[in-house]
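What follows is each chain in one-letter form.
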Amino acid sequence: WKVTAVLNILIQLIEKSNINEQLKAIEAGTAITEEVAGEFGMKPIYTMTGFFSLVGLLRLYCLLGDYHMALSCIEHVQFKDKDMMALVPACQITANYYAGFAYFMIRKYANTIQLYQHILGYMQRTKTVLPEPFLPS
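Nothing here was measured: the structure is a model prediction, and the numbers come from that model.

Q: What exactly am I supposed to notice about helix α1 (residues 3-17) here?
A: The periodicity of an α-helix, 3.6 residues per turn, causes residues three or four places apart in sequence to face the same way. Taking 1.5 Å per residue as the helical rise, α1 with its 15 residues ought to reach 21 Å, and the 21 Å between its terminal C-alpha atoms agrees with that figure. Inspection of α1 places Leu7, Leu10, Ile14 and Ser17 among the buried residues, and these make up the whole buried set. Within α1, the buried residues cover an arc of 115° as seen down the axis, which keeps them to one side. Turned more than 90 degrees from where α1 packs its buried face, Thr4, Gln12 and Glu15 sit exposed. Each element contacted by the buried residues of α1 is listed here: α2 (19-28), α3 (34-41) and α4 (44-64). Asn18, located one to two residues past α1, shows a positive phi value of around 55°.

Q: Where do I start with the packing of aromatic side chains in this structure?
A: By convention here, two paired aromatic rings are described through the distance between centres and the angle between planes. This structure, assessed with the given rule, holds 7 aromatic pairs. On the basis of an interplanar angle of 70° and a centroid distance of 5.9 Å, the ring pair of Tyr67 and Phe101 is categorised as edge-to-face. Here Tyr67 is found in helix α5 (residues 67-73), whereas its partner Phe101 is found in helix α6 (residues 89-105), with 34 residues between them in sequence. One aromatic cluster is present, built from ring pairs that chain together Tyr67, Tyr97, Tyr98, Phe101 and Tyr116.

Q: Just checking my understanding: could you explain unusual backbone geometry for this structure?
A: The backbone phi angle of Asn18 is positive, close to 55°, even though this residue is not glycine. For Asn18, a relative accessible area of 22% corresponds to the partly exposed category. Its identity as a non-glycine residue notwithstanding, Arg107 has a phi of 65°, on the positive side. For Arg107, the location among the structural elements is in the loop between α6 and α7 (109-125).

Q: Hey, could you run me through the packing of α2 against α3 in this one?
A: Two quantities define a packed helix pair, namely the angle between the axes and the distance from one axis to the other. Following both chains from N to C, one finds α2 and α3 inclined at 145°, their axes separated by 9 Å at the closest point. The handedness of the crossing between α2 and α3 comes out as left-handed. Each of Glu21, Gln22 and Ala25 in α2 lies in contact with α3, whose residues at this interface are Val36, Ala37 and Gly41. Looking at side-chain class alone, the contact of α2 with α3 contains 3 nonpolar, 2 polar and 1 charged residues.

Q: Would you explain the environment of Gly56 in this entry?
A: Relative to the elements of secondary structure, Gly56 occurs in helix α4. Sequence separation between Gly56 and Phe79 is 23 residues; the distance between their C-alpha atoms is 16 Å.

Q: Please explain a nonpolar patch on the surface as it appears in this structure.
A: Judged by side-chain polarity, Phe104, Met105, Tyr109 and Ile113 come together as a nonpolar surface patch covering roughly 400 Å² of accessible area. Only α6 and α7 provide two or more residues apiece to the nonpolar patch. Looking at the secondary structure, you find Phe104 in helix α6. In this structure Phe104 comes out as partly exposed when scored by relative accessible area, which is 42%.

What counts and what doesn't
Positions within a chain are numbered from 1, following the residues in the order the chain's sequence is written. Residues qualify for local features only when their pLDDT is at least 70, as the model is predicted, and side-chain atom pairs are given and counted only at 80 or more; totals for whole chains, interfaces and linings, by contrast, use all residues. The basis for every side-chain value is the complete set of heavy atoms in the structure, and neither hydrogens nor water enter the calculation. Helix and strand definitions here come from DSSP, where helices need a minimum of 4 consecutive H or I residues and strands a minimum of 2 consecutive E residues; each element is numbered from the N-terminal end. How far a helix is expected to stretch is found by multiplying one less than its residue total by 1.5 Å. Note on classification: 1.4 Å probe, protein chains only; a residue is buried when its accessible area is under 20% of the maximum for its type, exposed when over 50%, partly exposed between these limits. The reported arc concerns the directions from the helix axis to the C-beta atoms and nothing else. Two residues qualify as a contact provided that any one of their heavy atoms is within 4.5 Å of a heavy atom in the partner residue. Stacked, tilted and edge-to-face are the three classes assigned to paired rings of Phe, Tyr and Trp, where Trp is represented by its six-membered ring and a pair needs centres within 6.5 Å; plane angles under 30 degrees give stacked, over 60 edge-to-face, the rest tilted. Here, axes are lines fitted to C-alpha atoms. For helices the fit covers the stretch in contact, and angles between N-to-C directions go from 0 to 180 degrees. Take the far helix as the reference: if the near one is turned anticlockwise from it by less than a right angle, the crossing is left-handed, and if turned clockwise, right-handed. Residue classes follow a fixed rule: Ala, Val, Leu, Ile, Met, Phe, Trp, Tyr, Cys and Pro count as nonpolar, while Asp, Glu, Lys and Arg count as charged, and any other residue, Gly among them, counts as polar. Patch membership requires over 30% relative accessible area and the absence of a salt bridge. Like charges are linked within 9 Å, and nonpolar side chains (Val, Leu, Ile, Met, Phe, Trp, Tyr) within 5 Å. The protein chains shown are the only cover counted for residues, whose accessible areas, like all others here, come from Shrake-Rupley with a 1.4 Å probe. Take a side-chain nitrogen of Lys or Arg and a carboxyl oxygen of Asp or Glu: if they are within 4 Å of each other, that pair is a salt bridge.

Below you can see the structure in the form of structure tokens.
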């Protein structure tokens, strides 16, 4: 696969869904309207696709070693148990892992510890529901 092709696809999905604007509106506590989300962003499929594209972009930037860009693409994502990420446990675990790794690589150790404590607590609480590959042996 070509890195530039994957980057372009992920960025286009994020832009088409207006997910960053939606996350800013959620952060500010305002309602998500068509003005904020756009025509496509009002459809749940585009919202979720855009959100998971952010996580994919986070992973890709981490694999490429661009940790500042990795963190900048998820700057408006809330790492909470009641967020969009909570709908897919694998996404929540992956996003926390890669965000924590990016923080570690730019020497923000307190942020790394906070994210890893959060995700380990989440895994401990949901031990009975998580699929086998996500549980430590």
